[in-house]
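Structural features, examined
So you can see what is in the structure, the chains are spelled out below.
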Amino acid sequence: MLEKITNTFSDIFKAMSGKSKISEKNIEDAVEQIKIALLEADVNLRVVRRFVNSTIEEAKGEKVLRSVDPGQQFIKIVHDKLVALLGDEKKDLQLKGPDTLSIILFVGLQGAGKTTAAAKLANKLKKDGRRPCLAACDLVRPAAVEQLCVLGNRIDVPVYKEDTKDAVKVAKNAVSFAKKGGYNTLIVDTAGRLQIDDDMMAEIAAVKKALNPDEMILVADSMTGQSAVDVAKTFDEALGLTGVILTKFDSDARGGAAISLKSVTGKPILYIGTGEKIEDLEVFHPDRIASRILGMGDVVSLVEKAQETIDQQEAEKLAKKMASNEFTLQDMLDQLQRVKKMGSMESLMQMIPGLSSQMANQDIDTSELKAQEAIILSMTKKERANHLIIGPSRRKRIAKGSGTCVADVNRLLKQFEKTRLMMKKMSRNKGMQQQMMQQMGGNMSGFNGMF
Ligand SMILES: Nc1nc2c(ncn2[C@@H]2O[C@H](COP(=O)(O)OP(=O)(O)O)[C@@H](O)[C@H]2O)c(=O)[nH]1
Ligand SMILES: [Mg+2]
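The structure reproduced in this document is the subject of the present report. These numbers come from a predicted model, not from an experiment.

Here we take up the site of ligand 1. By nearness alone, 19 residues border ligand 1, and Gly111, Lys114, Thr115, Thr116 and Asp250 come closest of all. Contact distances for ligand 1 include 2.5 Å between an oxygen atom and a side-chain N or O atom of Thr116. Gln147 is positioned with one of its side-chain polar atoms (N or O) 3.0 Å from an oxygen atom of ligand 1. Expressed as a share of its isolated accessible area of 580 Å², the protein-covered part of ligand 1 is 84%. Sort the elements by how many residues they give to the shell around ligand 1 and helix 6 (residues 114-127) lands first, with four residues. By residue class, the composition of the shell around ligand 1 is two nonpolar, 11 polar and six charged.

Put into structure tokens, the structure is as follows:
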């Protein structure tokens, strides 16, 4: 995701940061490199020009040249301008209250990811407590209806379908179906062509007229760069869009579509598709994407991802245990398993650009975690509750049972002892304890350092 543009920006900023003094020439050189980076990323030329001119203007101002840390100031200017391009703040779907039916119409070219995104969004809305259903109005592509039904089935969201070629009829009947069934959000999947053509536009216009949707969303493939932006412009002019979902962001190394879209079309990016799985749909946060592009690391996303899996209650329970020195091997096992649930370490690390390149060379060791887990799993319940009863012969058995050696078991027990000791110390200090909880819940490196 965004590897190429991130690497380029990292290099530019490395040269700028830490300089105690920078000249106008330094700024011009850096901006020239940024210009090339943006053009290589397939950002719209007019957008690039505007970006470059306003950056130069601001960077040459007093604030940068006279500041104590001019490199940092320069990076901040570029960051803020990039955020402004991506869309100043995140935009939510505009849906009606829970008791009235809201309608979301998906449009876009064939293969852009409409059907997949429709299911992903239904799944997300369902998790958010809405009652979604889907309508299969792609009656052009063979098996398109079946594809949506399979996805709907997987997420347990009903799909309205009819054996006909009349998309308007299906759309209208889907509304009655949704109302009758007590659903409050109808997501309508439509047919796309390989290219924009009159038939497609006419059909979508008719469906739109019949539905009067709350959201008219273009699903576009981010890998197509400027073409995605052109498609958005054409659809918006012909039909009026309310927002865009950029798919295949996971495979987009350049980011050009995301960077140009808002300023060319004025339409916000609502979500990004980040993979082929149902869960791979993320709310689009302009500031986070800007940080990611600029190689500052997407720490906020990282923390959120971790927090999804450790819920607050559990954290509090753990804090209490620490305070009373009741932290056991079983608790440690729970923590290890939670780490596993968060997804592979690599995918987490990838969210921190600087770190990910380091990690690539080092080949981080998830096998260590697995070994630790296996060791604790080989212990009895009693032993997990009280590690002091684990004598030498049991250590041997545990090593055998977990496919490790006695030294591994000893090391784990030693680390566990150390952790408990640390917790005991910390529990006397409320502030420190809170800090540690945050680390455990939200930061892998902090967590790893504990064990
Ligand atoms: N890697 C990746 N693949 C995606 C994403 N969204 C969709 N796809 C794939 O793109 C292809 C076309 O998707 P589909 O939903 O059928 O497109 P539609 O023709 O617009 O309905 C499928 O193979 C999807 O698995 C995404 O965010 N990331
Ligand atoms: Mg489709």
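Still to come is the rest of the account.
Moving on to the pairing of strand 6 (residues 243-247). Strand residues, when the strand is regular, have side chains that alternate between the two faces of the sheet. Taken across its five residues, strand 6 has five buried, putting it largely inside the fold. The alternating pattern of strand 6 places Gly243, Ile245 and Thr247 and Val244 and Leu246 on opposite faces, both of which are buried. With five bridges joining them, strand 5 (residues 215-221) and strand 6 adopt parallel strand pairing. Following the sheet pairing, Val219 is matched in strand 6 by Ile245. You can see the chain leave strand 5, run along helix 10 (residues 226-239) and come back into strand 6, and the turn it takes is right-handed. Sheet topology note: the strand 6/strand 7 (residues 269-273) ladder contains three bridges and is parallel. Within strand 7, the position partnered with Ile245 by the bridge is Tyr271. Between strand 6 and its parallel partner strand 7, the chain crosses via helix 11 (residues 256-265), and the hand of that crossover is right-handed.

Cut-offs and rules
Residues numbered from 1 in each chain as written. Chains lettered and ligands numbered in written order. Predicted model: local features only at pLDDT ≥ 70, side-chain atom pairs only at ≥ 80, totals over all residues. Heavy atoms only, no water. Near = heavy atom within 4 Å. Polar contact = N/O pair within 3.5 Å; in protein donor to acceptor, adjacent residues only side chain to side chain. Areas by Shrake-Rupley, 256 points an atom, 1.4 Å probe, with all protein chains shown as cover. Helix = DSSP H or I, 4+ residues; strand = E, 2+ residues; numbered from the N terminus. Nonpolar A, V, L, I, M, F, W, Y, C, P; charged D, E, K, R; others polar. Buried < 20%, exposed > 50% of the residue type's maximum accessible area, 1.4 Å probe, protein only. Pairing = 2+ DSSP bridges. Right-handed = clockwise from strand over helix to strand, strands pointing away.

None of this, on its own, says anything about what the molecule does.
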